[in-house]
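Residue-level structural notes
One letter stands for each residue in the lines below.
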Amino acid sequence: MPLLTNERLSKTVADDLQRKIIREKLKVGARLPTEPELMEEYGVSRTVVREAAACLVSRGVVDVRPRRGMTVREPDGKGLAETLVAQLQMSKVSLPQLLQVRSVLEAAIVELAAAQRTPEDLDRLRDNLKSMKAGDLDRHEAIKVDLEFHDLLAAATHNPFFTLVSRPITELLYSIYINKSGYMSFQSLTTAEHEAVVDAIVDKDPAGAVLAIQKHLDRVGATVAELLSENQGE
């Protein structure tokens, strides 16, 4: 391979490793070469290799763990979720702007899911509703089941890009909900709204699914604002 002489050696190494993962179709969990092996292969220092690894971690391409090294990671959007959180904290974007994007995105998701869903998708959505209706969920479990519902909708499109794009938003909402005790007061309403979405998807009614998800997300927008104001001024 060409000599790595530019100033961004670590990015060059990261880009090459990423291409290798794609080209060789490495499976999730597959181990990449060790630090010494990469240093020898690319003719770079340990620092460059570690910076390249950090770059791949930030992209969500690999995990790095002690005594295991770099392994291929399943794409899950968590890196983008962390970026969104940082952007919100730095006031680069507003939460209403993010929720507006979510509304547009999920309308497209349920419209396609209503047309593409399989019996297996319906089973998973119904199981999720059954879990939501359980009366013994704590806040952590309730939020997890709630946001899993939106992952299942994205999966029912059978287009993995919807999951990759939508999951960071659900990750961000989890970080908001988890510390808000008021979340549980909306659980029964959330369940009923989810059920309306599923009913439309079962009926293969794209227009009905879009109306149901928009009603749900409009209410969620107001709910999030209320939750964010919880305990303010204490």
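Preceding this section is the structure that the text describes.
Here the structure is a predicted model, which means the values were calculated and not measured. (Residues numbered from 1 in each chain as written. Predicted model: local features only at pLDDT ≥ 70, side-chain atom pairs only at ≥ 80, totals over all residues. Heavy atoms only, no water.)

Considerations on the packing of helix α6 (residues 119–133) against helix α7 (residues 139–155)
A pair of packed helices is captured by two measures, namely the crossing angle of their axes and the spacing between those axes. This is how it is decided: Fitting a line to C-alpha atoms yields each axis, with helices limited to the stretch in contact; the angle taken between N-to-C directions then spans 0 to 180 degrees. Each helix is a run of DSSP H or I of at least 4 residues and each strand a run of E of at least 2, with the numbering of both proceeding from the N terminus. Working rule for angles: under 35 degrees goes down as roughly parallel, over 145 as roughly antiparallel, 65 to 115 as roughly perpendicular, anything else as oblique. Contact criterion: two residues are considered in contact whenever any of their non-hydrogen atoms come within 4.5 Å of each other. Each residue is assigned to one class: nonpolar for Ala, Val, Leu, Ile, Met, Phe, Trp, Tyr, Cys and Pro, charged for Asp, Glu, Lys and Arg, and polar for all the others, Gly among them.
Contact geometry of α6 with α7 gives a least axis separation of 10 Å together with a crossing angle of 170°. Classified by the angle their axes make, α6 and α7 are roughly antiparallel. Residues Asp121, Arg124, Leu125, Asn128, Ser131 and Met132 of α6 lie in contact with α7, whose contacting residues are Val145, Asp146, Glu148, Phe149, Leu152, Leu153 and Ala155. A per-class count over the contact of α6 with α7 returns seven nonpolar, two polar and four charged.

Some remarks on the nonpolar core
For the record, the criterion: Nine residue types can take part in a nonpolar core, namely buried Ala, Val, Leu, Ile, Met, Phe, Trp, Tyr and Cys, and a core is a set of them joined through side-chain atoms within 4.5 Å. Here the term buried applies to any residue with accessible area under 20% of the maximum for its type, exposed to any over 50%, and partly exposed to those in between, with areas from a 1.4 Å probe on protein chains only.
One finds Val110, Leu153, Leu173, Tyr177, Val197, Ile201 and Val224 to be the most contacted residues of the largest nonpolar core, which totals 41 residues. If you list the elements that add at least two residues to this core, you get α5 (95–116), α6, α7, α8 (160–177), α9 (187–202) and α10 (206–228). Sorting elements by how many residues they give to this core places α5 first, with nine residues. Non-local contacts of Leu173, meaning those with residues more than four positions away in its chain, are made with Leu99, Arg102, Leu147 and Val224.

As for unusual backbone geometry
In the Ramachandran plot, Lys25 falls in the positive-phi region, its phi being about 50° despite a non-glycine side chain. Along the chain, Lys25 falls in the loop between α1 (9–23) and α2 (35–42). Lys25 gets classed as exposed once you look at its relative accessible area, which sits at 73%. Positive phi, close to 60°, is recorded for His158, a residue that is not glycine. Relative to the assigned elements, His158 resides in the loop between α7 and α8.

Describing the packing of aromatic side chains
Definition in use: Two rings from Phe, Tyr or Trp (for Trp, the six-membered ring) form a pair when their centres are within 6.5 Å of each other. A pair whose planes differ by under 30 degrees is stacked, one over 60 is edge-to-face, and the rest are tilted.
According to the stated counting rule, one finds one aromatic pair in the structure shown. Taken together, a centroid distance of 5.1 Å and an interplanar angle of 40° make the contact between Tyr177 and Tyr183 tilted. The exposure classification of Tyr177 matches that of Tyr183, with both residues buried.

Let's talk about the pairing of strand β1 (residues 62–65)
To be explicit about the condition: Here the rule is simple: two strands pair whenever DSSP picks up at least two bridges between them.
Note: β1 against strand β2 (residues 69–72), four bridges, orientation antiparallel. Looking at the pairing, Arg65 lines up with Gly69 of β2. The antiparallel hairpin formed by β1 and β2 contains three residues in its connecting segment, where Arg67 sits at a positive phi of about 65°.

Brief notes about the pattern of salt bridges
Rules: Salt bridge, as used here: a side-chain nitrogen of Lys or Arg that lies within 4 Å of a carboxyl oxygen of Asp or Glu.
Considering all chains together, one arrives at twelve salt bridges under this definition. Note that Glu35 is salt-bridged to Arg50, the shortest N-O span being 2.8 Å. Pair noted here: Glu35 is in helix α2 and Arg50 is in helix α3 (residues 46–58), with a separation of 15 residues, a long-range link. Close ionic contact of Glu193 with Arg219 constitutes a salt bridge, the shortest N to O distance being 2.8 Å. Taken together, the residues Glu193 in helix α9 and Arg219 in helix α10 connect sequence positions 26 residues apart. For the pair formed by Glu193 and Arg219, the shared burial category is buried. Connected via shared salt-bridge partners are Lys11, Asp15 and Arg59.

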